[in-house]
Every structure is written in C-alpha cells, then in structure tokens.
Amino acid sequence: MKKKVLITGAAGFLGSHLCDRFIAEGFEVIAMDNLITGDLKNIEHLFQLKDFHFYHHDITKFVHVPGDIDYILHFASPASPIDYLKIPIQTLKVGSLGTHNLLGLAKEKKARILIASTSEVYGDPLVHPQSEDYYGNVNTIGPRGVYDEAKRFQESITMAYHTFHGLDTRIARIFNTYGPRMRLNDGRVIPAFMGQALRGEDLTVFGDGLQTRSFCYVDDQIEGLYRLLMSNYVLPVNIGNPDEISILDFAKEVVKLTNSHQKIVYKPLPQDDPLQRQPDITLAKKVLNWEPKTLREVGMKKTYQYFKGLTEEELYRSEHKDFTAHNRL
Ligand code: UDP
C-alpha cells in the first residue's frame, strides 16, 4: 500500500515542487488548491498519473478527504508582500481558519502534519542571524501584519494541537526561496528582476538596496522540508540558505547573469521591509543533517533559463494573474 500525502497550496510554487518530490518518492498525492494565487500549469504534468488527485477546494471551509492520509503538508497561503496586500483577509483566514481545519483533519486521520511557517515570524529582526529561539519584531497592524500574525498564530495553534491532542506536528520556518514556477507578477524580488531582464527594462531596487536577504534554491528547500517531515523533531526549524547578500549587489549579479545591460533604478522602500535577513541553520544541520548545496549563481542560471523558456502565452499568464476579484468572496 502506498503512503498517502495531502498537499495544500499544491498549485503554487513550493506546493507544486512538493507534489513532484512526493510522486518521485512513490507516494499517492492528494493535491488541494483554491487557485487564487496558484496555477494549474504548475501541476498539469501530473494529472495523467494514477497516484495524483487534484481537489479544487478552499481550505478555510471544512476539508473532507475520503480514506486514510499518512501525511499532510500545509502550504496554502499567499506568500509575497504584494499578494498578501491584495488579499489581506484571505491571507489571515488561510493561516488561521485554514490551519485549524487541517489540524482537525490530521487529528481525525491520525496523520503527521507539517506546516509552512516563515522567516516573517521574526519580522524586522533585531537579532542577526535569526535562530529559532528569537521571538521576533513584528508590527501587528503594518502591511505585513496580516501574513506575519497569521503565521505566528499558525505556529501557536499547531503547538497547541501537539501538546493538547498529541498530534504529530512539524513546523518549517521557510526563508526566501526561489526557482522555476515563481509567478512573474508576485512582486518578489527575483521574479521582478527576471521579468525586467526578459523585457529589457531597468531593475527596480527598493530603498538604497542595502537591505539584505539570503536566497535558497527550491531543490535545497524541498530536500530540507522532506527531511523535516521524516524527522522526529517537533519544534520550529529554519530552512533556508545563509548566503546573505544586499539587494543592490544582487541586482548587479542579475545584470551580469542576464547579460542584458539594464540600468539599476531606485524606488521607495515599502513600509516595514526587513533590513536584514539570514537564517541560522545550526539546528537544521544538527537534527536533519541538511544544508543547502546550490550556489546562487547556479540556481539563478536555472531560474533564468526557466523564465526564458516560457511561451508568450505562459509569460502573459505569469505576468498578469489578477485575483483582486477574490476580495469580494
Ligand atoms: N525588492 C526590490 N525590488 C523589487 C522587489 C523587491 O528591491 O522589484 C526588495 C524588497 O524591498 C526587499 C527584498 O527585495 O527588501 C526582497 O523582497 P521580496 O518581496 O522578494 O521578499 P521579502 O523578503 O521582503 O518578503
């Protein structure tokens, strides 16, 4: 009998890569997505497989899946500042109500559940690099609050289900991750730079560009998540790449990589944009025997190749996805 895994947010960036990984590992995959920010294009190659099933469902409503489930990976949520500013209420609901429904489902099915948390729980961090014992510096009512607080609540309710109901839980704090299948108009810096390079436009650096990020290639991220799910460690674990760079230096790298001679232009820094971010992955190294392997240069080349390989129609779709109508739901 194959093990069965439910993946929420399955048509999104990380969700779709998780679907690929679990299919490759020989699991039966139940993929769920409401397709607000996700795109079926990311998983359409899996539809022909007998071990892949797709449910078009909004997990903030009661979630029903027939039969047994062994594992649940909860990856449904808008995850870029632009996205959660467009649909703030849905962002809060999926992290809170959606997580509650999935924890209830995990309890009913006696399944192990891994939830996707984020480096945003650390907010604009006053401690550098960020280790799991740092409590964070979050503006609850700022533009990022809808995401940050939903994710903090998510961790809290997950631990409550663990301690009160004995649920088998895992919490991944995911730091900036990039790679194929990111959406070009999600506002994050890597797809933004990729789109600008493809169109021959100037690269937009926000603020003075001295703020830092540490970018993890998607294959490394998926490996870390897989190991965490299969481990026995229940407290939060940072999964990310500690290779830190300023956004300005990163923009210069992208100009070199894409060889398209764009200029760098400066735009205002969004409110509450964290000044620095770098994961301390000591814990992941110790409990998962994991660390990222992909150099930024290699990962960025693969990512650029992916975007360059999209057809006109795919590019248009990736650049113009509009989900503002969901604000009425
Ligand atoms: N950023 C930028 N230009 C862009 C998009 C983003 O300079 O066109 C900056 C943004 O202000 C932030 C960093 O790049 O400091 C990373 O932004 P992203 O939205 O990718 O993720 P975050 O880590 O802020 O959630």
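The structure this text deals with has already been given above.
Since the model is a prediction, treat every value here as computed from it, not as a measurement. (Residues numbered from 1 in each chain as written. Predicted model: local features only at pLDDT ≥ 70, side-chain atom pairs only at ≥ 80, totals over all residues. Heavy atoms only, no water.)

A. Examining helix α1 (residues 13-24) more closely. With twelve residues, α1 extends 17 Å between its outermost C-alpha atoms, agreeing within 8% with the 16 Å of an ideal straight helix rising 1.5 Å per residue. Within α1, nine of the twelve residues are buried, which leaves it mostly tucked inside the rest of the structure. Burial in α1 covers these residues: Phe13, Leu14, Gly15, Ser16, His17, Leu18, Cys19, Arg21 and Phe22. Once α1 ends, the next one or two residues include Gly26, with phi positive near 90 degrees. (Helix = DSSP H or I, 4+ residues; strand = E, 2+ residues; numbered from the N terminus. Expected span 1.5 Å × (residues − 1). Buried < 20%, exposed > 50% of the residue type's maximum accessible area, 1.4 Å probe, protein only.)

B. The nonpolar core, seen in detail. Counting 57 residues, the largest nonpolar core has Ile7, Cys19, Phe22 and Phe75 as its most contacted members. Here this core takes six residues from helix α6 (residues 218-230), the largest share from any one element. When near neighbours in sequence (up to four residues on either side) are disregarded, Ile7 contacts Gly15, Leu18, Cys19, Phe22, Val29, Ile30, Ala31, Met32 and Leu73. One finds Ala76, Leu105, Ile113 and Ile115 within the second-largest nonpolar core, a separate group that totals 21 residues. (Core = buried A, V, L, I, M, F, W, Y, C linked by side-chain atoms within 4.5 Å. Contact = heavy atoms within 4.5 Å.)

C. Layout of the side chain of Arg183. Locating Arg183 in the fold gives a position in the loop between β7 (177-178) and α5 (189-199). Taking relative accessible area as the criterion, Arg183 reaches 11% and is therefore assigned buried. Polar side-chain contacts of Arg183 include one of 3.4 Å to the backbone oxygen of Thr37. Ignoring any residue separated from it by four or fewer positions in sequence, one finds Arg183 in contact with Thr37, Asp83, Pro191, Ser318, Lys321 and Phe323. (Polar contact = N/O pair within 3.5 Å; in protein donor to acceptor, adjacent residues only side chain to side chain.)

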